[in-house]
Amino acid sequence: MYPFEQTFAFMCDLSRILLLGDSLLWPPKQVASDHVEIELMKKHSKLLFPLTALVLAMPFSSLAEVKEVTLLHTNDIESVYEPVDAFWNPDISRIGGIPYLATLIHETRAEEEISFLFDAGDIFTGSLSKQTQGKLAFDLYSAMGYDAIALGNHEFEYGWQTLKAVMPRAEYPVLNANIKFEENDAPFAQPYNIIERDGVRIGVIGVMGIDAFYNTMWKGNRQGLTIDNPTEVVQYWVDQIHDDVDMIVVLTHQNKTAPMQTDKEADPEVQRGFDEDYAMAGALKNVDVIFGGHSDHGLWEPAVHPETGTVVGLTFGQGKYLGYTKFEVNTETNQVEFVEGKLIPVESDELERDARTGQLIDDARAAFPELSETIATIDATAYRRYYRESNIGNLVADMMRDEAGADIGMISSGSIRVDLNQGPVTLENVMNVFPFTDKLAVVSISGAQVKELLEYSYTLPYGLAQFSGIEATYDSQRPEGERLISLKINGTEANDDKQYRVATYSYAASGGDGYHVFAEGTPVSEGDKVMNVLIDQFKARKNVEVPALGRQVDVSR
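Residues numbered from 1 in each chain as written. Predicted model: local features only at pLDDT ≥ 70, side-chain atom pairs only at ≥ 80, totals over all residues. Heavy atoms only, no water.

I would appreciate a short explanation of the overall build of the protein in the present structure.
From N to C terminus, the protein includes 17 helices and 28 strands. Expressed as a percentage of its 557 residues, the buried residues of the protein come to 56%. In the form shown here, the protein has an accessible surface area of approximately 24100 Å², with 49% of it arising from carbon and sulfur atoms. (Helix = DSSP H or I, 4+ residues; strand = E, 2+ residues; numbered from the N terminus. Buried < 20%, exposed > 50% of the residue type's maximum accessible area, 1.4 Å probe, protein only. Areas by Shrake-Rupley, 256 points an atom, 1.4 Å probe, with all protein chains shown as cover.)

Below you can see the structure in the form of structure tokens.
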């Protein structure tokens, strides 16, 4: 029964009581016949109509229906199309993969009366995304049924002009409220959207963090754009739409830059937190939920800010978990109560491959058949470590060093974008390991500068740099600049005065990522793209053995 019907029935019952009784006592005296009842109603009609008006004027708030609303959310999926080996979790063999995430989304929504689905950005990255200039990513999110997404820094990888041209193909709002054009302050994207479903109206606002904008996007891809303070912008739009909606959701792409490590949920050392989201939750008024991204942090249960009650959720990224939050929403008073929240693992081996998203991926691969070519096999899972030596880091550094004929190979942990599953390795897999345009560069530096390079790496600015050709011990608990204990280069003690040739990626060779020591060295050569070097190395080796660990040993562990 709707609130109006409830009120009308109540009005009739109350009128009958008053009209048929000699007093306001309950129960009323028995009436002899319907004829008497009719006569009494005629007699007291002057009382009935004011009473009707009075009851109808009563607020419906006490009778309004409280609805259960489920909000599902993801962040930083970054085109992880296929499951990855869950080597850190004894209970799950494989996790993630967009077609399996899609199945989980459909199954979960089927069990919920009212549900909405959001993403906090970074839907681009990887070879298929690049080949399609982001079209595949937008189509996949349409197929999965997203209600709105926020822009992440990776969406600008092909330049803002390309992004702007591709965005209209999305069947959902693509939101950002604080990126604008420098020339005229016009917004780059739609700042907010109001979504209505089954009588529930949700206002959704998207923003990016200032650090994410300036420090994780190449300046050429954002030339002509600028950014405003995300918290101030969100509050402005909240004030504009608050009276028109039942609840407000903010999708953010901020916090510290994510560590490039798949098993981050099992390694607290690399978890980057959600400081900016939490501070925003405490500063904003009339915001019910913040779903964050960028840091690849995760919350097994959402955090609730103690001062504002704003709920904050994140999912660890890469499509490994589906965020689930349930609320009770009073659509009359706009009161929102948090009920429960959790992360649901995308257990790939327990889920069917979704047909629609699977077909989109298959069609994209068919359009670029070379990407599916198996170019090698690998004998074990090659996985990333952000703050420690990793076997995939050793492998990539070995290949760069071998190709260049250098003494040392070096790659930053943040540059290695995916793990490699044990077994067949396709061209697409290798292209995704280092999906950048950097070339293989060789720089000559002294032994003393090599030590300086290692000392900088041990401050963990972009994770621990991965090396080939060295054996080092260090103590991460010592003061910065004093952590290196011993160093051998190709089996021999490092000589401070000797020149060593280091193969690295061209951005680092120019002093980028803080590796200023390379800018002080002598450039030797610049060759093919690192991506092409890795492809050639995998093809040449055919049966690839994952290198053992032990090149950089932290004695404090």
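So what exactly am I meant to see when it comes to the packing of helix 12 (residues 391-404) against helix 17 (residues 530-541) here?
The relative placement of two packed helices comes down to the angle between their axes together with the axis-to-axis distance. Remark: helix 12 packs on helix 17, axes separated minimally by 10 Å, with the N-to-C direction vectors making an angle of 95°. Between helix 12 and helix 17, the crossing angle belongs to the class labelled roughly perpendicular. Residues Leu395, Val396, Asp398, Met399, Met400, Asp402 and Glu403 of helix 12 pack against Val530, Val533, Leu534, Gln537, Phe538 and Arg541 of helix 17. Per-class residue counts for the contact of helix 12 with helix 17 are eight nonpolar, one polar and four charged. (Axes fitted to C-alpha atoms, helices over the stretch in contact; angles between N-to-C directions. Parallel < 35°, antiparallel > 145°, perpendicular 65-115°, else oblique. Contact = heavy atoms within 4.5 Å. Nonpolar A, V, L, I, M, F, W, Y, C, P; charged D, E, K, R; others polar.)

How should I be thinking about the nonpolar core in this particular structure?
Here is a general trend for soluble globular proteins: nonpolar side chains tend to be buried in one another's company. Membership of the largest hydrophobic core comes to 106 residues, with the highest contact counts inside it found for Phe138, Phe156, Phe188, Met410 and Phe538. When residues no more than four places from it in sequence are discounted, the contact partners of phenylalanine 188 are Leu151, Phe156, Trp160, Leu163, Lys164, Met167, Ile179, Lys180, Phe181 and Leu225. Counting residues in hydrophobic clusters, the runner-up holds 21 residues, among them Leu71, Ile114, Val329 and Val336. (Core = buried A, V, L, I, M, F, W, Y, C linked by side-chain atoms within 4.5 Å.)

It is not clear to me how a nonpolar patch on the surface should be interpreted in this structure. Could you clarify?
Nonpolar side chains collect at one region of the surface, where Ile485, Val553 and Val555 lie side by side and expose about 220 Å² of accessible area between them. Looking at the secondary structure, you find valine 555 in the segment after strand 28 (552-554). (Patch = residues over 30% accessible without salt bridge, like charges linked within 9 Å, V, L, I, M, F, W, Y side chains within 5 Å. Salt bridge = Lys/Arg side-chain N within 4 Å of Asp/Glu carboxyl O.)

Would you mind going over the packing of helix 6 (residues 135-144) against helix 11 (residues 355-367) with me for this structure?
Running from N to C, helix 6 and helix 11 point in directions that differ by 165°, and their axes come no closer than 9 Å. Relative to helix 11, the element helix 6 lies roughly antiparallel. Considering how the two elements wind past one another, helix 6 and helix 11 form a crossing that is right-handed. Of the residues in helix 11, those in contact with Leu136, Asp139, Leu140, Ser142, Ala143 and Met144 of helix 6 are Arg356, Thr357, Leu360, Ile361 and Ala364. Here the contact of helix 6 with helix 11 is composed, by residue class, of seven nonpolar, two polar and two charged. (Left-handed = near helix turned anticlockwise from the far one by under 90°.)

I tried to follow the sheet that holds strand 25 (residues 499-505) on my own but got confused; where do I start?
Sheet strands pair via backbone hydrogen bonds, and the direction of the pair is either parallel or antiparallel. Spatially, 21-18-25-20-26 is the arrangement adopted by the five strands of the open sheet, whose pairing is mixed. One side of each edge strand has no neighbouring strand; the edge strands of this open sheet are strand 21 (466-468) and strand 26 (522-529). In this sheet, adjacent strand axes meet at a mean angle of 25° when their direction is disregarded. With three bridges joining them, strand 18 (residues 408-411) and strand 21 adopt antiparallel strand pairing. Paired with isoleucine 411 across the two strands is glutamine 466, which belongs to strand 21. This element, helix 14 (residues 447-457), spans strand 18, strand 20 (439-446), strand 21 and strand 25 of the sheet and lies at about 120° to strand 20. Most of the contacts of helix 17 go to strand 26, to which it runs at about 65°, and overall it touches strand 20, strand 25 and strand 26. (Pairing = 2+ DSSP bridges.)

Got a minute to help me understand the packing of aromatic side chains in this structure?
Between two aromatic rings, the relevant description is the distance of the centres plus the angle of the planes. By the definition in use, this model includes 24 aromatic pairs. With centroids separated by 5.3 Å and ring planes inclined at 90°, the aromatic side chains of tryptophan 300 and tyrosine 321 adopt a geometry described as edge-to-face. Of this pair, tryptophan 300 sits in the loop between strand 12 (289-291) and strand 13 (303-304) while tyrosine 321 sits in strand 15 (residues 321-330), placing them 21 residues apart in sequence. Given the relative accessible area of 44%, tryptophan 300 is considered partly exposed. Among the aromatic side chains, those forming a connected cluster through ring pairs are Phe156, Trp160, Phe181 and Phe188. Between lysine 164 and the ring centre of phenylalanine 188, over which it is positioned, the NZ or CZ distance is 4.7 Å. Here lysine 342 stacks its cationic end above the ring of tyrosine 324, 5.0 Å away from the centre of that ring. (Phe/Tyr/Trp six-rings, centres within 6.5 Å; stacked < 30°, edge-to-face > 60°. Lys NZ or Arg CZ within 6 Å of the ring centre and 35° of its normal.)

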